[in-house]
Amino acid sequence: MDMFSKLTNLFQQALETREPSVNLLDSFVEHWKGITNYYIETTDETRPVKQTDIPWRLKQMLDILVYEEGQQGPEETGPCMEYLLQHKLLETLCTLGKAQYPPGMNHQVLVFFSKILVQIQKPMLHIINVYRPVQKLVRLCGLLGSQTEKEEVHFLFVICTRVKQDPYVLNYILEVLPSSYPAAPSFACTPTQHSPTGSSSVIFPANTGLIHVLVHLSKSQVSSAATTHSKPTYLSVFNPNKCRVARKACESLLLLASLPEEEAAECLAESTPLCQLLVERLCELYSQLPAMLDPTEIHSFPQINWRCVWWPCKIQCPGWFFRWFSKILATKLAKEIHNNWLIGVLQPELLQLSEMGVLVNTALLCCMVRNVQSPALVEELVLFLLGRDTQSELCLDTETHVLRYHLIEHCDHISDEISITTLRLFEELLKKPYRDTLFNLALRNLENRCYVTHTPGGVEDNRHFTDPDHDGENDELEEDPFFTEDEFNSSEEQLLSRSQLTREPRCSGQTQAVEIVNSFLCLVPQEAKTSQHVQGAGYDTYVHDANKQFKECTALTQAWDWSEVLKPTESAISSSDFFEGHFLKILFDRIGRILEQPYELNLQVTSVLSRLALFPHPQLHEYLLDPYISLVPGARSLFSVLIRVIGELMQRIQLIPNFTEKLVHVRRQLMGLDGETGVDHVTLLQGVIVLEEFCKELAAIAFVKLPSIDDSSNCAPFFLQN
């Protein structure tokens, strides 16, 4: 044991052997009088506080209070604490700190308040002679030109930490005392001394100084950032010390916002401007973004731990922010964001005439949607983007929701970049666990199955999904003149030869499903296929990926209460009324031009359609993945659109010499295996490659929706399983 430890033990023993109730109090009072005497005796008002004995005396007083508490029972209050409360020492210190006399006194007061709230374990903030000076000191924080921001934000963080531990004291900090709140626990002192008379039933006007100061400090690091528009982010011009202050303020806000008690969350939402201030801050930050952001950089922004970077600087805001918010507060904040930012700020940017402006703001919105995790904000986002309409769309409908109409039209914009970015936005929306998105975009137009031909007597030509005993031996693809028996049989043999993918035994329903899979695999003619010429480009990889994605999609929709069987068509509804909806119409139009569009655009269109095909909804599955449905006149399905593309491809192949060789070369270029050369018809050749891969992907999705080999009791397709 070193000398310092021995001296410490001797001092501890000396304290324990003397009468603490008398000597500790005398010592405590002596130190306090030493502080007050300084103001009586000093004549040098410019002398810094650090050159006086005030810091030392404050430390001694704190040590005595901490030691005293350790000697008391859980329901007892020591004489030193009683003295501090009865003589309003904290009130006096707050006044001295405000006067900044001697110079630097505010720093000492902030440190003392922070330490006493941290080191004293018993509840304190419900006591009137504690929370009143705390409130006053809060109002002294965040002032212009303050030299104590570090100490201020630490003091505020300590307060929020105590509120997190004992949420009922939030009322005392904000001076909001609704009668529904439970009474504060006793501090072993009389109500007339330590708590306001009748406070349990009195509602005070809200004092929101704490919230205002925290929001102010959370943006204290922004100096020249608002005028710097040459960088995608502003971090390089920030003061690191200011950044730490801002981050600590954000941590404090999160502590308040994540209070689990419903009453506390309701108090913050309804009795303070927390939500409004956060949304105002969000609008400020959005307005400071450079006008010439690179959309590709926006899409590549990673998900960064917000504690590593000041949260408002991240484009992902506000989505990630909601993870810590209690339900009531999140709902209120989401509505504030909808009304004040989405509608007031973002919507005009999305509807502007400048293509660059539309592109950048759509990319920012897409990035935010990708990162949002709050169900409340997802709901408000979908409402903002798509509206509330639930009726089936008509082809010549006047779109009642302007933003929805423009966003869908942007998927077929003259600017390929805008089309790609908007399609990416819809794909991100479809990944969110919110069922109204899919219903709004597609299901409301498919739920009555008006796309299916009605046969005389009301029997639908939908045998492959309604008649499990149909063997399918005489089925023909009448609309497709490009299938040959050799191609069909060889493809089926190739499929069934892969032991990992074969599922036996197969009932008749499975056989039909295998035919569906092979319909997509055989859709592209042999001379337009390149997979067999490149290693690792087989169908197997799509099956493994589709299986994983389908499981994720099924888990996402598990609580959506979808029917597992196809809905009977309603004969009262005319088939001539069928319209796939504006969203699917745009996607089908795009797929119909796959041979003429840029490679990146084709990839994004097929990605969205694949996402739709993954959903385990019977009507959506039938409409997108069943080649055998008999469509009403004028209607089209995904397969019928692909048939027309193949017909166009067969005609264009005849006009290109050495088509297959050029096609393989372009594929190898896309894979980085061959260098760039002057091959003609590049757009067409790239479109053919995407078409082949898309058909394999659809076949894989259809395959993974088959019942598992372990489910021998039920061989029906996935949506007929119980």
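Residues numbered from 1 in each chain as written. Predicted model: local features only at pLDDT ≥ 70, side-chain atom pairs only at ≥ 80, totals over all residues. Heavy atoms only, no water.

Here is the UniProt Sequence similarities (unreviewed entry) comment for the protein, exactly as written: "Belongs to the FHIP family." (UniProt positions renumbered as here; feature names shortened; annotations may be inferred.)

**Concerning the overall build of the protein**
Across its full length, the protein holds 31 helices and zero strands. Relative to its 722 residues, the protein shows a buried fraction of 55%. Taking the intrachain contacts of the protein between residues at least 6 apart in sequence as the baseline, contacts between residues at least 24 apart amount to 77%. Surface exposure of the protein reaches about 32,600 Å², of which carbon and sulfur atoms provide 52%. (Helix = DSSP H or I, 4+ residues; strand = E, 2+ residues; numbered from the N terminus. Buried < 20%, exposed > 50% of the residue type's maximum accessible area, 1.4 Å probe, protein only. Contact = heavy atoms within 4.5 Å. Areas by Shrake-Rupley, 256 points an atom, 1.4 Å probe, with all protein chains shown as cover.)

**Things to note about the environment of E261**
With respect to the helices and strands, E261 occurs in the loop between helix 12 (240–257) and helix 13 (262–271). Sequence-wise, E261 and I328 are 67 residues apart; in three dimensions their C-alpha atoms are separated by 9.8 Å.

**As for a nonpolar patch on the surface**
Judged by side-chain polarity, L670, M671 and L673 come together as a nonpolar surface patch covering roughly 250 Å² of accessible area. The topology assignment puts L670 in helix 30 (residues 659–670). With a relative accessible area of 33%, L670 lands in the partly exposed category. (Patch = residues over 30% accessible without salt bridge, like charges linked within 9 Å, V, L, I, M, F, W, Y side chains within 5 Å. Salt bridge = Lys/Arg side-chain N within 4 Å of Asp/Glu carboxyl O.)

**Some thoughts on the environment of H338**
Within the secondary structure, H338 is located in helix 16 (residues 327–350). For H338, a relative accessible area of 8% translates into the label buried. Along the sequence, H338 and L377 sit 39 residues apart, while their C-alpha atoms lie 8.3 Å from each other. Leave out the neighbours within four places in its chain, and H338 touches I343, E380, L383 and F384. One polar contact links H338 to E380, side chain to side chain, over a distance of 2.6 Å. (Polar contact = N/O pair within 3.5 Å; in protein donor to acceptor, adjacent residues only side chain to side chain.)

**Regarding the packing of aromatic side chains**
A full pass over the atoms with the stated rule returns 14 aromatic pairs. Note on Y131 and Y172: the rings are 5.3 Å apart at their centroids and 45 degrees apart in plane angle, and the pair reads as tilted. Residue Y131 is found in helix 7 (residues 128–139), and its partner Y172 is found in helix 9 (residues 170–174); the two are separated by 41 residues along the sequence. Exposure remark for Y131: the relative accessible area of 3% places this residue in the buried category. For Y172, a relative accessible area of 9% puts it in the buried group. Seen in terms of ring centroids, F426 and F583 are 4.9 Å apart; in terms of plane orientation they differ by 45 degrees. Their pairing is tilted. Of this pair, F426 sits in helix 20 (residues 416–430) while F583 sits in helix 26 (residues 582–592), and the two are 157 residues apart along the sequence. Among the aromatic residues, ring-to-ring pairing joins Y451, F578, F588 and Y623 into one connected group. In this arrangement the basic side chain of K248 is found over the ring face of F157, its NZ or CZ atom lying 4.1 Å from the centre. (Phe/Tyr/Trp six-rings, centres within 6.5 Å; stacked < 30°, edge-to-face > 60°. Lys NZ or Arg CZ within 6 Å of the ring centre and 35° of its normal.)

**Overview of the pattern of salt bridges**
Overall, the coordinates contain 19 salt bridges when judged by the stated rule. Here E251 makes a salt bridge to K248, at a shortest N to O gap of 4.0 Å. Of this pair, E251 and K248 are both found in helix 12, three residues apart, which corresponds to roughly one turn of the helix. Notably, a salt bridge pairs K585 with D589, separated by 3.0 Å at the nearest N-O pair. You can see K585 and its partner D589 sitting in helix 26, four residues apart, about one turn around the helix. A residue is classified by how much of its surface remains accessible, and D589, at 18% relative accessible area, is buried. If you follow the salt bridges from partner to partner, you end up with E580, K585, D589 and R636 in one network.

**Observations concerning the packing of helix 8 (residues 149–165) against helix 11 (residues 209–218)**
Put simply, helix 8 and helix 11 touch, their axes get as near as 11 Å, and they point 130 degrees apart. Comparing the axis directions of helix 8 and helix 11 gives the class oblique. The two elements helix 8 and helix 11 meet at a crossing, and its hand is left-handed. Here E149, V153, L156, I159 and C160 of helix 8 lie close against helix 11, whose contacting residues are L210, V213, L214 and L217. Along the lines of polarity and charge, the residues of the contact of helix 8 with helix 11 split into eight nonpolar, no polar and one charged. (Axes fitted to C-alpha atoms, helices over the stretch in contact; angles between N-to-C directions. Parallel < 35°, antiparallel > 145°, perpendicular 65-115°, else oblique. Left-handed = near helix turned anticlockwise from the far one by under 90°. Nonpolar A, V, L, I, M, F, W, Y, C, P; charged D, E, K, R; others polar.)

**A few points about the nonpolar core**
In this structure, F155, L156, I159, W341 and L642 are the most contacted members of the largest nonpolar core, which totals 204 residues. Top contributing element to this core by residue count: helix 31 (residues 682–704), with 15 residues. With residues near it in sequence (within four places) discarded, L642 still touches F520, L523, I591, L691, F694, C695 and L698. (Core = buried A, V, L, I, M, F, W, Y, C linked by side-chain atoms within 4.5 Å.)

**Things to note about the confidence of the model for the protein**
Considering every residue of the protein, the mean pLDDT works out to 78; 74% of them sit at 70 or more. Per-residue pLDDT stays below 50 along residues 222–238; that stretch engages in 27 contacts with residues further than four places along the chain or on separate chains. Every residue in residues 708–722 is under pLDDT 50, and counting partners more than four places away or in other chains gives 32 contacts. (pLDDT = per-residue confidence, 0-100.)

**Observations regarding the environment of V534**
Within the element layout of this structure, V534 appears in the loop between helix 24 (508–521) and helix 25 (540–556). The exposure class of V534 is buried, given its relative accessible area of 6%. Between the alpha carbons of V534 and R668 there is a distance of 7.7 Å; along the sequence they are 134 residues apart. For V534, the contacting residues outside a window of four places in its chain are R667, R668, M671 and L673.

**Overview of helix 6 (residues 105–119)**
End to end, helix 6 covers 21 Å across 15 residues, agreeing with the expected 21 Å (1.5 Å per residue, within 8%). Those residues of helix 6 not exposed but buried are M105, N106, Q108, V109, L110, F112, F113, S114, I116 and L117. (Expected span 1.5 Å × (residues − 1).)

**Points about the packing of helix 18 (residues 375–386) against helix 19 (residues 402–410)**
The contact between helix 18 and helix 19 brings their axes to 6 Å, and the two run at 80 degrees. Considering the angle they form, helix 18 stands roughly perpendicular to helix 19. The residues of helix 19 that touch helix 18, namely those facing F384, L385 and L386, are L403, R404 and L407. A breakdown of the residues in the contact of helix 18 with helix 19 according to their chemical character gives five nonpolar, no polar and one charged.

**Quick notes on helix 29 (residues 638–653)**
Here helix 29 is 16 residues long and its end C-alpha atoms lie 22 Å apart, about the 22 Å a rise of 1.5 Å per residue gives. Where burial is concerned, most of helix 29 is hidden: 12 out of the 16 residues are buried. Among the residues of helix 29, those classed as buried are L638, F639, S640, V641, L642, I643, V645, I646, G647, L649, M650 and I653.

**Concerning unusual backbone geometry**
Here Y101 and P102 are connected by a cis peptide whose omega angle stands at -5 degrees. By the element assignment, P102 lies in the loop between helix 5 (89–99) and helix 6. One non-glycine residue, H681, adopts positive backbone phi at about 60 degrees. Relative to the helices and strands, H681 resides in the loop between helix 30 and helix 31. The class of H681 is partly exposed, set by a relative accessible area of 39%.

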